[in-house]
Amino acid sequence: MGITYFKRFRMEIDLLGTLFEVAPLPLAYHLLPWDECLLQEHAKVKYHSFCCEIDANVFPCLGDPEGCSRLMSDISRREDFVAEATWLVQFDEVGRSGSLSCGTIQGILDGNGSGSIQNVGVIPSHRGCGIGKWLILNALRGFRDIGLKKAFLEVTAQNTGAVRLYRQLGFRKVRTVYKAAEVACV
Ligand SMILES: CC(C)(COP(=O)(O)OP(=O)(O)OC[C@H]1O[C@@H](n2cnc3c(N)ncnc32)[C@H](O)[C@@H]1OP(=O)(O)O)[C@@H](O)C(=O)NCCC(=O)NCCS
């Protein structure tokens, strides 16, 4: 194992004066607000969204089902957890009675009164349909509804698709930070 430093961007968005118009998703998808009984669904989606991505190197817990379960449990038990900014997207599969959970996002409140977006993830087979955008806009609306003026997130610089999505939504890069992580040497 060796230490690697991952370059990450802190990106912020002003919640006042931003219109969170969300185009409706295709009919087969629906959004569920936070409920304790959905904890394992969030954890499962988190794992399947991140396990093969760069962030599973930056945060090893994201590459492990148990790690995702623990992380989700820790986030939802925090005093500063924001249920209003936490959403699960499900897909109604044709010919099946149940729904497939395919997108997750969580929000917390930071010490300075800004909303902090945690781990937005969409499983690979449902990417490119607008779900990521939908989750973020709904989380931002949740932060604004509880009176917050600003929201932010951190993204690994190599995650260019995610950076592009955040820029498109109005987030601006305000700082570069480096996160040390132990990764297997090749
Ligand atoms: C990032 C992520 C959440 C995006 O979800 P998604 O549902 O595919 O995103 P959307 O369909 O809403 O994409 C919206 C826009 O983002 C951009 N975008 C998203 N992913 C992209 C990618 N991989 N490459 C290029 N652009 C991308 C596109 O410009 C798209 O704009 P368009 O509608 O004009 O085409 C998803 O790819 C994911 O879960 N990745 C792995 C986990 C992760 O890295 N999360 C971010 C942690 S900071």
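Scroll up to find the structure this text is about.
Source: prediction; values computed, not measured.

Draft legend 1. Region of interest: helix α1 (residues 39-50). Over its twelve residues, α1 runs 17 Å from end to end, which matches the ideal 16 Å to within 8%, given 1.5 Å per residue. Considered for burial, the residues of α1 that qualify are His 42, Ala 43, Val 45, Lys 46, Tyr 47, His 48, Ser 49 and Phe 50. Tucked into the core, α1 has its buried residues touching α2 (55-58), α3 (65-77), β3 (81-92), β4 (99-109) and β5 (115-122).

Draft legend 2. How the structure looks around the nonpolar core. Core analysis: the largest hydrophobic core is formed by 34 residues, its most contacted members being Val 89, Leu 135, Ile 136, Ala 139, Leu 140 and Phe 143. Among the secondary structure elements, those contributing two or more residues to this core are β1 (2-14), β3, β4, β5, α4 (131-145), β6 (150-156) and α5 (160-169). At eight residues, α4 tops the list of elements feeding residues into this core. In this structure, Phe 50, Ala 56, Leu 71 and Ile 75 belong to the second largest nonpolar core, which totals nine residues.

Draft legend 3. The arrangement of the site of the ligand in detail. In the vicinity of the ligand, 21 residues are found, and the nearest of them are Arg 127, Gly 132, Lys 133, Gly 161 and Leu 165. Counting residues per element, the ones that place at least two in the shell around the ligand are α1, β5, α4 and α5.

Draft legend 4. Quick peek at the pairing of β1. Examined bridge by bridge, β1 and strand β7 (residues 172-183) share eleven bridges and lie antiparallel to one another. Of the residues in β7, the one forming a bridge with Met 11 is Lys 173. For β1 and β6, the ladder comprises seven bridges, and the chain directions are antiparallel. Opposite Asp 14, over in β6, you have Lys 150 as the bridge partner.

Draft legend 5. Fine view of the packing of α1 against α3. At a minimum axis separation of 8 Å, α1 and α3 run at an interaxial angle of 130 degrees. If you check the angle between α1 and α3, you find them oblique. The interaxial crossing formed by α1 with α3 has right-handed handedness. In contact with Leu 39, Gln 40, His 42, Ala 43, Lys 46 and Tyr 47 of α1, α3 contributes Pro 65, Cys 68, Ser 69, Met 72, Ser 73 and Ser 76. Tallied by class, the residues present in the contact of α1 with α3 amount to six nonpolar, five polar and one charged.

The rules we used
Residues numbered from 1 in each chain as written. Predicted model: local features only at pLDDT ≥ 70, side-chain atom pairs only at ≥ 80, totals over all residues. Helix = DSSP H or I, 4+ residues; strand = E, 2+ residues; numbered from the N terminus. Expected span 1.5 Å × (residues − 1). Buried ≥ 20, exposed ≤ 12 C-beta atoms within 10 Å, placed from the backbone. Contact = placed C-beta atoms within 7 Å. Core = buried A, V, L, I, M, F, W, Y, C linked by C-beta atoms within 7 Å. Near = placed C-beta within 6 Å. Pairing = 2+ DSSP bridges. Axes fitted to C-alpha atoms, helices over the stretch in contact; angles between N-to-C directions. Parallel < 35°, antiparallel > 145°, perpendicular 65-115°, else oblique. Left-handed = near helix turned anticlockwise from the far one by under 90°. Nonpolar A, V, L, I, M, F, W, Y, C, P; charged D, E, K, R; others polar.

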